[in-house]
Amino acid sequence: MPFITDDPNMLDDWLVVGPSAALAGTSDAQPRTMRLLGEMLQLWTDATGTPQCRLGTQAVLIQSRYGYLWVCPSGHPVRPLFDFPEYGEPGRRMVDCGGIGVAVSGLRLIENFLDMAHFPFVHAGFLGQVPHTEVAKYQVQVDPATQEIWATDCRFWQPRASAAHDSGSEVVYKYRVMQPLTAMLYKSSSRAGELDAIGLFLQPLDDEHVIAHTLLACYDDTSSDAELIAFQQTIFGQDKPILENHAFKRMPLEGRAETPTRGDTTSVTYRRWLRERGMRFGVREAA
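So, here is what we can say about the structure in this document. What you see is a predicted model, and the numbers here were worked out from it, not measured in a lab. (Residues numbered from 1 in each chain as written. Predicted model: local features only at pLDDT ≥ 70, side-chain atom pairs only at ≥ 80, totals over all residues. Heavy atoms only, no water.)

1. Some details on the environment of L205
Locating L205 in the fold gives a position in strand 13 (residues 195–206). Along the primary structure L205 and S105 are separated by 100 residues, whereas in three dimensions their C-alpha atoms are 9.6 Å apart. Apart from the residues within four sequence positions on either side, L205 is in contact with I4, R35, L36, L37, G38, V210 and I211. (Helix = DSSP H or I, 4+ residues; strand = E, 2+ residues; numbered from the N terminus. Contact = heavy atoms within 4.5 Å.)

Right, dumping it as structure tokens:
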């Protein structure tokens, strides 16, 4: 298939191409076009409401799950789509926060999503505040059964952790990386004893451009959908210009290119995990 990469990490996995709702009113005669890996796909729903996809005249494997459309470019996925048990749980609100284009490798964006050290400096007044800058020690491991990365025991003081919070508190975090371009964040909820879930699903347009789709699965009985979306987009808007001004648009996986710190434990694991997978798409070649 004429995609811009032959990296099996992209071709043989499930990649998001947009929200399922985007296919409302479409048909084989009037499909919607969406870009993926340098190509324009045509998507529509058939008479039974089942999503369909093609590239040129060739059918592309597609499914609708978690409110989004996922395609496997090669048609031969090496694994099923990740589990998301919080999706649709009673009491949780499912809010699609929209797709935002970012001109950087998707690997860079996932790494930024995993980083707590930048909170007080980039998201001051929201996710962090000087002098609360220390990243406490936390645990990172790769689950031997699913090969997903999990970072646990993450704690950080935040002046306003979400749209539902209006005062500062120590927030508990858990991070999960399911695929090179998909990750989840679980954080303290306004409902005692529960964790909100935030999914980041990246649609790779090419090696240096993605559309970032964000999904909230949260407990919030006070905020409107517009307020929840505005909060997430505010945070994303603060990250976007920094990401797009990286010296290297693509992720350098060689050890000498960038130096990690203690706060980068998850990043170090993520980069090693990518190297072990033989990741080439979105990666900067060694000098």
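On we go from here.
2. Things to note about unusual backbone geometry
A positive phi angle is found at Y66, which is not glycine, with a value near 60 degrees. If you trace the backbone, Y66 turns up in the loop between strand 6 (61–65) and strand 7 (68–72). Classification of Y66 as buried rests on a relative accessible area of 9%. Non-glycine residue Q147 carries a positive phi angle of around 65 degrees. (Buried < 20%, exposed > 50% of the residue type's maximum accessible area, 1.4 Å probe, protein only.)

3. Considerations on helix 5 (residues 265–276)
Between its terminal C-alpha atoms helix 5 stretches 17 Å, which fits the 16 Å expected from 12 residues at 1.5 Å a residue. Considered for burial, the residues of helix 5 that qualify are T266, S267, T269, Y270, R271, W273 and L274. Where helix 5 ends, the next residue or the one after it, G278, has phi of about 70 degrees, a positive value. (Expected span 1.5 Å × (residues − 1).)

4. As for the sheet that holds strand 3 (residues 39–45)
Think of a sheet as strands paired side by side through backbone hydrogen bonds, with each pair either parallel or antiparallel. As summarised here, the arrangement of the 4 strands in space is 2-3-4-5, forming an open sheet in which the pairing is antiparallel. Two strands bound the open sheet, and with one partner strand each, they are strand 2 (32–36) and strand 5 (58–59). Strand direction decides the pairing type here: strand 2 and strand 3, joined by 5 bridges, are antiparallel. Residue R32 lies in a different strand from strand 3, and its bridge partner there is L43. (Pairing = 2+ DSSP bridges.)

5. Considerations on the pairing of strand 14 (residues 209–218)
Of all 10 residues in strand 14, 8 are buried, a share of seventy percent or more. Where strand 8 (residues 93–102) and strand 14 come together, 8 bridges link them in antiparallel fashion. Its bridge partner being in strand 14, V95 is matched across the sheet by L216. Turn length for the strand 13-strand 14 hairpin, with the two strands adjacent in sequence and antiparallel, is 2 residues.

6. Focus on the pattern of salt bridges
When the charged atoms of two side chains with opposite charge come close together, those side chains can pair. Evaluated as defined, the whole model comprises 14 salt bridges. Where E89 meets R92, a salt bridge forms, and the shortest distance between an N and an O atom there is 2.7 Å. Look at the salt bridges and you will find they share partners, linking D13, R79 and R277 into a network. (Salt bridge = Lys/Arg side-chain N within 4 Å of Asp/Glu carboxyl O.)

7. Quick look at the nonpolar core
L41, L43, L109 and Y270 are the most contacted members of the largest nonpolar core, which has 57 residues in total. Within the second largest apolar cluster, 16 residues are counted, among which are W14, C72, L81 and A217. (Core = buried A, V, L, I, M, F, W, Y, C linked by side-chain atoms within 4.5 Å.)

8. Thoughts on the side chain of D206
Here D206 is to be found in strand 13. Here E208 takes part through its backbone nitrogen, which lies 2.8 Å from a polar atom of the side chain of D206. Of note is the side chain of D206, whose polar atom sits 2.9 Å from the backbone nitrogen of H209. Among all residues touching D206, those that are not within four sequence positions of it are I4, R35 and F281. (Polar contact = N/O pair within 3.5 Å; in protein donor to acceptor, adjacent residues only side chain to side chain.)

9. Considering the side chain of D207
Structurally, the position occupied by D207 is in the loop between strand 13 and strand 14. The exposure class assigned to D207 is buried, which follows from its relative accessible area of 14%. Side-chain polar atoms of D207 contact the backbone nitrogen of G282, separated by 2.7 Å.

10. A look at the environment of L61
Here L61 lies in strand 6. Overall, the relative accessible area of 36% leaves L61 in the partly exposed class. Taking the C-alpha atoms as reference points, L61 and G75, separated by 14 residues in sequence, lie 5.3 Å from one another. Each residue touching L61, except ones within four places of it in the same chain, is listed here: W14, W70, V71, C72, G75 and P77.

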